[in-house]
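For reference, the chains in residue letters:
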Amino acid sequence: MQDKDLMENILLLEKGVCDLYMHGAIESSTGSVHQAFSTALNSSLSMQDSIYSKMSNKGWYPTENVEPNKIDCVRQKFSAQQ
């Protein structure tokens, strides 16, 4: 297994952890439980961002720039649906 594959797996796992923490915070029954899940979620989001940054720096998670007119087109499409 290559380093890239390992990092992709770690990133997917971390995204899953974020999802679980988010749902835990949403469904929490007390303020202290909500705070615990929120704190864990923020920590996990920070880890996810760090993993993404490392992958991006190595060229393993490429992103493409989008023209501003395409962004405006999508924005108009979704604002018209509201």
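Right above here is the structure, for reference.
Q: Teacher, can you tell me more about the overall build of the protein chain here?
A: Looking only at helices and strands, the protein chain has 3 helices and 0 strands in total. The order of α-helices and β-strands along the protein chain, N terminus first, is α-α-α. In terms of overall size, the protein chain is more extended than a compact globule, its C-alpha atoms giving a radius of gyration of 17 Å where 82 residues would be expected to give roughly 12 Å. Dimensions along the principal axes, computed over C-alpha positions, put the protein chain at roughly 45 × 45 × 15 Å. Contacts in the protein chain between residues at least 24 apart in sequence constitute 61% of all its contacts with a sequence separation of at least 6. Entry remark: accessible area of the protein chain is about 6500 Å², with carbon and sulfur atoms responsible for 55%. Considering the protein chain, the positive charge centre built from 7 side chains and the negative charge centre built from 10 side chains are found 5 Å apart.

Q: Which parts of the structure should I look at to understand the packing of helix H1 (residues 3-27) against helix H2 (residues 31-57)?
A: Contact geometry for H1 and H2: axes closest at 8 Å, N-to-C directions at 160°. In this view, H1 runs roughly antiparallel relative to H2, as classed from their interaxial angle. In this structure, H1 meets H2 at a crossing whose hand is left-handed. Class assignment of the residues belonging to the contact of H1 with H2 gives a composition of 16 nonpolar, 5 polar and 4 charged.

Rules used throughout
- Residues numbered from 1 in each chain as written.
- Predicted model: local features only at pLDDT ≥ 70, side-chain atom pairs only at ≥ 80, totals over all residues.
- Heavy atoms only, no water.
- Helix = DSSP H or I, 4+ residues; strand = E, 2+ residues; numbered from the N terminus.
- Rg over C-alpha atoms; globule rule 2.2 N^0.38 Å.
- Contact = heavy atoms within 4.5 Å.
- Areas by Shrake-Rupley, 256 points an atom, 1.4 Å probe, with all protein chains shown as cover.
- Lys, Arg positive; Asp, Glu negative; His and termini not counted.
- Charge placed at Lys NZ, Arg CZ, Asp CG, Glu CD.
- Axes fitted to C-alpha atoms, helices over the stretch in contact; angles between N-to-C directions.
- Parallel < 35°, antiparallel > 145°, perpendicular 65-115°, else oblique.
- Left-handed = near helix turned anticlockwise from the far one by under 90°.
- Nonpolar A, V, L, I, M, F, W, Y, C, P; charged D, E, K, R; others polar.

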